[in-house]
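Structural overview for review
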2 protein chains.
Amino acid sequence: MDPLTEAKKKLMPEMTELLKKRYQILQTIGLEQPIGRRTLSELAGMTERDIRKETDLLRNQQLIEARTSGMYVSVQGEEVLEALKDFMREMAGLSDMEKQLKSILGITRVLILPQDSDDIPAVKANIGKEAARLLETKFPLYKKIAVTGGSTMAAISKEITADKKDASLQFIAARGGLGEDVLHQANTIASLFAEKTGGAVKTLYLPDHLSAEAYEMMMREPVIKEMMELYDQTEVVVHGIGNAEEIALHRKSSVEEVNRIRNGGAVSEAFGYYFDKEGNVVYRIRTAGIQMEQVQNAPFILAVGGGRSKATAILSYFKIAPPQTTLITDEGAARKIIELTQKQEEF
Amino acid sequence: MDPLTEAKKKLMPEMTELLKKRYQILQTIGLEQPIGRRTLSELAGMTERDIRKETDLLRNQQLIEARTSGMYVSVQGEEVLEALKDFMREMAGLSDMEKQLKSILGITRVLILPQDSDDIPAVKANIGKEAARLLETKFPLYKKIAVTGGSTMAAISKEITADKKDASLQFIAARGGLGEDVLHQANTIASLFAEKTGGAVKTLYLPDHLSAEAYEMMMREPVIKEMMELYDQTEVVVHGIGNAEEIALHRKSSVEEVNRIRNGGAVSEAFGYYFDKEGNVVYRIRTAGIQMEQVQNAPFILAVGGGRSKATAILSYFKIAPPQTTLITDEGAARKIIELTQKQEEF
DNA sequence: AACAAGTGGGACAAAAATCGTCCAGCTCGA
DNA sequence: TCGAGCTGGACGATTTTTGTCCCACTTGTT
C-alpha cells in the first residue's frame, strides 16, 4: 500500500471500515436495484437503522436515487463505484485472496469478484461479465471453443458483447443434454455464444445417460466421430463446476447412480465426471461429451463458479484441474475455500 | 484532483474536514512541542474537548506521546506528517493560493507554508528552513550574497546547514546597524551565514541615521566605497519585509521622522526605504546600505516574511519588487493578502 | 527551597446524537 | 383489485458526546 494511504489510515482509522461499509451498500444497491432498506439490511448483514443512516447519506451525496419502488444507483454513483473498484479490491483483500487461491488450487490465474452469489444472485451476472471480457481477449488467438452448461455459463452468454463479428469462431457444445433446464444446456449456450459473436456452432444432441451398448454404437456414428475430432482440436474450454449432490438430484439419475455417487463421497462434478474431496474420479456418466484428456490438452481453460456453497466442489475439482486453468469466482466461495484449507491444516 | 480521491470524497464527505483537523493538530503539536491541551486549543481555535478527543485518538494511533510535560510527536507521527505534506498542501489550497499570489504580486515564484507565524512562532523556523534549502541550491551558481536583518532572517541563518563548505561564498551585510537587537542585525546574520557555510563575510559598521554631511563624507571613505562596489556585484539578495510603523517605532527614530512616515502613509519597509500602499517611496533612511537599483540588478532575490500582520507590508512592497523575486511566506499572510485584494476589487 | 505555570488523566452531569421500531401513504406487479 | 414492498416521518429509549471541573504531578524560575 502506498505511504500516502498508509498515513491517512493512521490519521483516520475509522475511514477503512466506513469506506468498506458504504461501498458495499452502494455496490449491493447497484446489483439488486431496485431494492428497499429491509431487503438490503438482510443482504448486507446490518441493522435497518444503519442501512438507513448510510443510504440517507448516499442520497444526499446523489450517489443513489430513492423512488417508491426502491433505491437505484445514480450515474454519479456508478462512476464512484467504477473509480473505487480496484482500490476496494485491495481493501477487501481480494488481491491477497487471489494469491492464496492460486497457491491452494495450483493454478496461475484467479479472479475473485466481490460479494457472494449465494446471497446476491446478481453477483453471478458479474462473474459472467468478467468471464466474457476475458474470453473476448482470447478470440483473436483461439477459434475452437468448447462450452458446458449451467447457470453461470448462461450468465456468460448473456454478457458476451459482439463488438466485431468473427465468423471464424467455432463454438462446440462440450456435452449432450443433461436433463437440465433447456436454457442452461451446453447446446443452448454454445448457440448463444455463436449468435453473439457471429461464429459457428456445433451441437451435440445426445441423451446423457446411455447404456454401454448404445454408447459404443453411437461412437461409431460419423456425426459423433466428427464431434470427437473437434474435441481433440479444442483450444479453449469454458466450464462451470457443479456440486455433486445437487447435480445428481437435479438430473434424472437412477437410484443406483445416486447411491454410487453418495457412497463414493463425490462432492464435485465437471464434464460428467464426479470427484471426491481428493479429486479422485468416483463415478462417470457415459456420455459422448468432451473427455478429461481432451480438456487437458486445451491451451486455455476457463472455469467459473461462485457462492460459498460451491467452495467444496471447487476445492475438489481443482485437485486434478489442469494448471493452465483460470478460475473466476466470488468472494463468498474464496473465503470459504480458504477457511476450509486452514481448518484442514489444523489437524 | 485524481478521480480516486474524488470518489472517496463523495463516499465520505466527512473525511476532508476530519483529516484537515487532525493533521493541523498533529502539525501544531510538532511545531510547539511540548504542548498541553489548553494551549493547543487556543492555537488551533478549537474547544478543549475537541482537542482532547482528537489527541486521545492520535495517542492511540501512536502518532503522539503524552508525557507530563506535554505532548510530543512520535517518530511515526513525523512520518505521517511528512507523508501527507504535499497532499495537505493541496487540501488546504496552498498550491492554489501560491498561484493567486504569483498573479497578485507579479512574481514567478511563491512558497506558502502552513499555519500563521503570528499565532505559532515556530512557523518562522519553518520559513527559515525552506528559505535555507532554497538558498543552498543557489550557492554553486552565485557567490556574492547580500543579506539584511530581522527575526525571519535570523531564522534562516539558524537553518542553514553546512553539508559541504564553500570558501568562495561571500556574504555581505546589506545595511548598517539599525538600532535593532544585535542578534537580528544584518552584520550578525551575514556572519552566521559565513560561519555555517565556510564562506567570507563583509560587514558594514555604520550607524544607520546619518546627517547629509556625514553621509557624503562617508561615501568617500575607501572602506565604504569598497562596500558599494560589492553591492554592485551582488548576485543574490536575501531580505525580510518590515511593517513600516513597527519598524519606525522600534528604531530610535526622531519625532519628525515618525511623522513623515505616518503622514506619508507608509506601510512597508525594506532596505531602509519606506513604501506606501501603492509602492511609492514615502521616506528613505540615508544609510550606506544597498540601494534599490542594486537590488534590482541581482539575478536572484529571496524575500521572506510571514504572519497575517505582515500582509499589508508584503502587498505594498511587492508593488515595486523586482519580478525575479521569490517570496517565502505563510498561510496567515497569504490568506490575508488575498482577502485584502478581493476587498479592493469590490470597490 | 518554595513557587507558579502548565501538564495529562479522571470524573460526571447535561446535552445531543444515534438507535430501534413503529406507522402512514405510496407504487407497482401479480 | 389486492398485497407485497417501498420511502419518509416520527418518537421515546439509549448511547455518545460535550463542557467543565478537579487532582496529582512535572518543570523551570524565583
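So, here's what we can say about the structure. Note that the structure is a prediction, hence the values are computed from the model and not measured.

Looking now at the interface of chain B and chain A. Facing 25 residues of chain B, the contacting portion of chain A comprises 25 residues. In total, chain B and chain A occlude about 2,300 Å² of area from one another, counting both sides; carbon and sulfur atoms represent 75% of this. At the surface where chain B touches chain A, the tally comes to two salt bridges. In this structure, Glu14(B) engages Arg22(A) in a salt bridge whose closest nitrogen and oxygen atoms are separated by 2.9 Å. Between the two partners, chain B and chain A, sit eight residue pairs in polar contact (both at pLDDT 80 or more). Looking at the side of chain B that touches chain A, the elements that each hand over two or more residues are helix 1 (3-11), helix 2 (14-32), helix 4 (48-60) and helix 5 (75-91) of chain B. When its residues are assigned to classes, the side of chain B that touches chain A shows 18 nonpolar, two polar and five charged.

The next subject is helix 13 (residues 255-263) of chain A. Quick reminder: α-helices carry 3.6 residues per turn. Residues three or four places apart thus point the same way. All names here are of chain A. Along helix 13, the residues that are buried comprise Glu257, Val258 and Ile261. Seen along its axis, helix 13 keeps its buried residues to an arc of 95°; they face one direction. Turned more than 90 degrees away from the buried face of helix 13, the exposed residues are Val255, Glu256 and Asn263. Two residues or fewer past helix 13, Gly265 is found with a positive phi of approximately 75°.

Take a negative patch on the surface next. Residues and elements named next belong to chain A. A cluster of like negative charges, contributed by Glu82, Asp86, Glu90 and Asp96, occupies part of the molecular surface. Sorting elements by how many residues they give to the negative patch places helix 5 (residues 75-91) first, with three residues. Overall, the relative accessible area of 52% leaves Glu82 in the exposed class.

Let's shift gears to the protein's contact with DNA strand C. Around DNA strand C sit 19 residues in total, of which Thr68(A), Gly36(B), Thr39(B), Arg52(B) and Met71(B) are the nearest. In DNA strand C, atoms within 4 Å of the protein come from the sugar-phosphate backbone in 53% of cases. Interatomic distance of 2.8 Å between a side-chain N/O atom of Thr39(B) and a phosphate oxygen of DNA strand C. Here a phosphate oxygen of DNA strand C sits 3.0 Å away from a polar atom, N or O, in the side chain of Arg59(B). Residues belonging to the surface near DNA strand C are distributed by class as follows: three nonpolar, seven polar and nine charged.

Next up on the list: the environment of Gln61(B). Among the structural elements, Gln61(B) can be located in the loop between helix 4 and strand 1 (64-67). Measuring from C-alpha to C-alpha, the distance between Gln61(B) and Ala298(B) comes to 49 Å, with 237 residues separating the pair along the chain. Leave out the neighbours within four places in its chain, and Gln61(B) touches Lys9(A), Lys10(A), Pro13(A) and Gln76(B).

Once that is clear, we can look at the sheet that holds strand 13 (residues 325-330) of chain B. All names here are of chain B. Read across the open sheet, the seven strands follow the order 3-13-12-7-4-5-6; overall the sheet is parallel. Edge positions in the open sheet fall to strand 3 (109-113) and strand 6 (200-202), since each of these has one partner strand only. If you compare each strand with its neighbour and ignore which way they point, the axes differ by 20° on average. Sheet topology places strand 4 (residues 144-147) next to strand 7 (residues 236-240); three bridges connect them, and they run parallel.

Applying the stated criterion across every chain yields a total of 37 salt bridges over all chains. One network of salt bridges, with partners in common, ties together Glu14(A), Lys21(B), Arg22(B), Asp50(B), Lys53(B) and Glu54(B).

The bulk of non-glycine residues show a negative phi, and the bulk of peptide bonds are trans. For the peptide bond that leads from Gln33(B) to Pro34(B), omega is -5°, which places it in the cis range. Considering the arrangement of structural elements, one finds Pro34(B) in the loop between helix 2 and helix 3 (37-44). Notably, Gln62(A) is not glycine yet its phi reads approximately 60°, a positive angle. When you line up the elements, Gln62(A) lands in the loop between helix 4 (48-60) and strand 1 (64-67).

Cut-offs applied
- Residues numbered from 1 in each chain as written.
- Chains lettered and ligands numbered in written order.
- Predicted model: local features only at pLDDT ≥ 70, side-chain atom pairs only at ≥ 80, totals over all residues.
- Heavy atoms only, no water.
- Contact = heavy atoms within 4.5 Å.
- Buried area = accessible area lost by both parts, 1.4 Å probe.
- Salt bridge = Lys/Arg side-chain N within 4 Å of Asp/Glu carboxyl O.
- Polar contact = N/O pair within 3.5 Å; in protein donor to acceptor, adjacent residues only side chain to side chain.
- Helix = DSSP H or I, 4+ residues; strand = E, 2+ residues; numbered from the N terminus.
- Nonpolar A, V, L, I, M, F, W, Y, C, P; charged D, E, K, R; others polar.
- Buried < 20%, exposed > 50% of the residue type's maximum accessible area, 1.4 Å probe, protein only.
- Arc of directions from axis to C-beta.
- Patch = residues over 30% accessible without salt bridge, like charges linked within 9 Å, V, L, I, M, F, W, Y side chains within 5 Å.
- Areas by Shrake-Rupley, 256 points an atom, 1.4 Å probe, with all protein chains shown as cover.
- Lys, Arg positive; Asp, Glu negative; His and termini not counted.
- Charge placed at Lys NZ, Arg CZ, Asp CG, Glu CD.
- Near = heavy atom within 4 Å.
- Pairing = 2+ DSSP bridges.
- Axes fitted to C-alpha atoms, helices over the stretch in contact; angles between N-to-C directions.

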